[in-house]
Amino acid sequence: MRPVPRWALLSSGCAPVLLAGGWTIAALLEGPVYDPVTQTISVLAAYGAAGFWVMTGALSALGVCHLLTAWGLRPAALAGRVALAGGGVASLAVALVPAPSSGGSLRHGSVAAIGFALLALWPVLAADRGSSAPWGLRPAPSLAATTLMGVGAAWFMFEMNRQGAAGVAERLVTCIQSLWPFLVVASCLLRPGDDGSASPPPVTDADPRDPTTRP
C-alpha cells in the first residue's frame, strides 16, 4: 500500500481548525445581531457582513486543505480522492460566490449543496475492501461516516425549512465533514509499515556450502 506523506496530517488537521476558527471570529465581529443557532455560516460570508473577509478566507483555506489532503491520501480509492478534491473545489466556489446580504441565492445554494454531497460521499467512495486497509478506509467506518453526514445534512435541510436551529445543524455537519479526512489520514499513518520508510531486506539463513558465509 502506498504511504501517506506526513504533510497530509497537517493539511487535514488544519481544516477543522480553520473552519471553526473562521466562523467564531466572524461571529464575534458581527456582534449580537448574528444568531449562531438559527443563522447559517453563509450569513457570515455574505456581502456587507462585518466578518466577510474572515469567513471567506476560512472557506478558501478549507478548500485548499481538502485539495492537498486528497492529493496525499494515496491509499484511498481514486473515486473517493476525486470526491474529496471536488468538495475542496466547492468550498473555494462557495467563497467566490457568497450569499447576498438579504434573500437567497440559487448559485450559492447550488454550489453549497454540491459540496455537501461530495464531502458526504467521499468516505464510502474511498473505502478499501482489502484486509490490510487502515481503519479509516475500511468499509464499515466509511459507510458509517457517510451515513452520519447524510443524516446531518437532512437535519440541516429540515431546520432550514422550518426556520429552526439551522446554524447548529450546519455546524455539526461541517465539523464532521472537515474532521473525517484528518481521522482517515491519521489511521493511515498509524498503520505499521506506512511511515514511508523502505522496508529492510528479508534475512535468510546462510548457506553452509557458500564459502563467503563462513566465519
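The coordinates are above.
Below is a summary of the structure that appears in this document.

Each value, and the rule that gives it
- Residues numbered from 1 in each chain as written.
- Predicted model: local features only at pLDDT ≥ 70, side-chain atom pairs only at ≥ 80, totals over all residues.
- Heavy atoms only, no water.
- Helix = DSSP H or I, 4+ residues; strand = E, 2+ residues; numbered from the N terminus.
- Buried < 20%, exposed > 50% of the residue type's maximum accessible area, 1.4 Å probe, protein only.
- Contact = heavy atoms within 4.5 Å.
- Phe/Tyr/Trp six-rings, centres within 6.5 Å; stacked < 30°, edge-to-face > 60°.
- Lys NZ or Arg CZ within 6 Å of the ring centre and 35° of its normal.
- Expected span 1.5 Å × (residues − 1).
- Salt bridge = Lys/Arg side-chain N within 4 Å of Asp/Glu carboxyl O.
- 1 Å grid on protein atoms, 1.4 Å probe; cavity = no way out; pocket = protein on both sides within 12 Å on 5 of 7 lines; lining within 4 Å.
- Points joined across faces, edges and corners; volume = space filled by probe spheres on them.
- Core = buried A, V, L, I, M, F, W, Y, C linked by side-chain atoms within 4.5 Å.
- Patch = residues over 30% accessible without salt bridge, like charges linked within 9 Å, V, L, I, M, F, W, Y side chains within 5 Å.
- Areas by Shrake-Rupley, 256 points an atom, 1.4 Å probe, with all protein chains shown as cover.
- Axes fitted to C-alpha atoms, helices over the stretch in contact; angles between N-to-C directions.
- Parallel < 35°, antiparallel > 145°, perpendicular 65-115°, else oblique.
- Left-handed = near helix turned anticlockwise from the far one by under 90°.

## So, the side chain of Thr-56
And then number 1: Assignment of secondary structure puts Thr-56 in helix 3 (residues 52-72).
And then number 2: Owing to a relative accessible area of 11%, Thr-56 belongs among the buried residues under this scheme.
And then number 3: Not counting residues up to four positions away in its chain, the partners in contact with Thr-56 are Ala-45 and Ala-95.

## Notes on the packing of aromatic side chains
And then number 1: Scanning the model with the defined rule gives five aromatic pairs in all.
And then number 2: Taking 5.7 Å as the distance between ring centres and 55 degrees as the angle between the ring planes, the aromatic pair formed by Trp-135 and Trp-180 counts as tilted. With Trp-135 in the loop between helix 5 (106-125) and helix 6 (139-161) and Trp-180 in helix 7 (residues 166-190), this pair connects stretches of sequence that are 45 residues apart.
And then number 3: Using a relative accessible area of 44% as the deciding quantity, one classes Trp-135 as partly exposed.
And then number 4: Looking at Trp-180, the relative accessible area reads 8%, which means it is buried.
And then number 5: Aromatic ring contacts, followed pair by pair, group Tyr-47, Phe-52 and Trp-53 into a single cluster.
And then number 6: Of note, Arg-171 hangs over the ring of Trp-23, and the distance from its end group to the ring centre comes to 5.3 Å.

## Section: helix 4 (residues 78-96)
And then number 1: For helix 4, with 19 residues, the first-to-last C-alpha span of 27 Å sits near the 27 Å given by 1.5 Å per residue.
And then number 2: Of all the positions in helix 4, only Gly-80, Arg-81, Ala-83, Leu-84, Ala-85, Gly-86, Gly-87, Gly-88, Ala-90, Ser-91, Val-94 and Ala-95 are classed as buried.
And then number 3: Tucked inside the fold, the buried residues of helix 4 contact helix 3, helix 5 and helix 7.

## What about the pattern of salt bridges?
And then number 1: Evaluation of the coordinates by the stated rule reveals one salt bridge.
And then number 2: Its salt-bridge partner being Glu-159, residue Arg-162 comes within 3.0 Å of it at the nearest N-O pair.
And then number 3: Classification of Glu-159 as buried rests on a relative accessible area of 4%.

## Digging into the layout of surface pockets
Empty space among the atoms becomes visible once a probe the size of a water molecule is rolled across them.
And then number 1: A volume near 930 Å³ is recorded for the largest pocket.
And then number 2: Top element by residues in the lining of the largest pocket is helix 5. It accounts for eight residues.

## Details of helix 3
And then number 1: Helix length check: helix 3, at 21 residues, gives a terminal C-alpha distance of 31 Å against a target of 30 Å (1.5 Å per residue), a fit within 8%.
And then number 2: Taken residue by residue, helix 3 has Phe-52, Met-55, Thr-56, Ala-58, Leu-59, Leu-62, Gly-63, Cys-65, His-66, Thr-69, Ala-70 and Gly-72 as its buried positions.
And then number 3: Where helix 3 is buried, its residues meet helix 1 (7-30), helix 2 (41-44), helix 4, helix 5 and helix 7.

## Points about the nonpolar core
Looking at soluble globular proteins, one finds that nonpolar side chains tend to be buried together.
And then number 1: Grouped together as the largest cluster of nonpolar side chains are 20 residues, with contacts concentrated most on Val-4, Leu-73, Trp-122 and Val-184.
And then number 2: Counting residues per element, the ones that place at least two in this core are helix 4, helix 5, helix 6 and helix 7.
And then number 3: In terms of residues, this core owes the most to one element, helix 7, which gives five residues.
And then number 4: Filtering out sequence-adjacent residues up to four positions away, Trp-122 remains in contact with Leu-73, Gly-80, Ala-83, Leu-84, Trp-180, Pro-181 and Val-184.
And then number 5: Core analysis: the second largest hydrophobic core is formed by 17 residues, Leu-19, Ile-41, Leu-59 and Ala-95 among them.

## Structural notes on a nonpolar patch on the surface
And then number 1: A surface patch of nonpolar side chains, about 430 Å² in accessible area, is lined by Val-37, Trp-155, Phe-158, Val-168 and Leu-172.
And then number 2: Elements with a minimum of two residues in the nonpolar patch: helix 6 and helix 7.
And then number 3: Mapped onto the secondary structure, Leu-172 falls in helix 7.
And then number 4: Judged by relative accessible area, which is 41%, Leu-172 ranks as partly exposed.

## A closer look at the packing of helix 5 against helix 7
And then number 1: Remark: helix 5 packs on helix 7, axes separated minimally by 10 Å, with the N-to-C direction vectors making an angle of 40 degrees. With respect to helix 7, the axis of helix 5 lies oblique. Helix-helix and strand crossings are classified by hand; for helix 5 and helix 7 the assignment is left-handed. Of the residues in helix 7, those in contact with Phe-116, Leu-119, Ala-120, Trp-122 and Pro-123 of helix 5 are Glu-170, Val-173, Thr-174, Gln-177, Trp-180, Pro-181 and Val-184.

The values reported here are purely geometric and, on their own, carry no functional implication.
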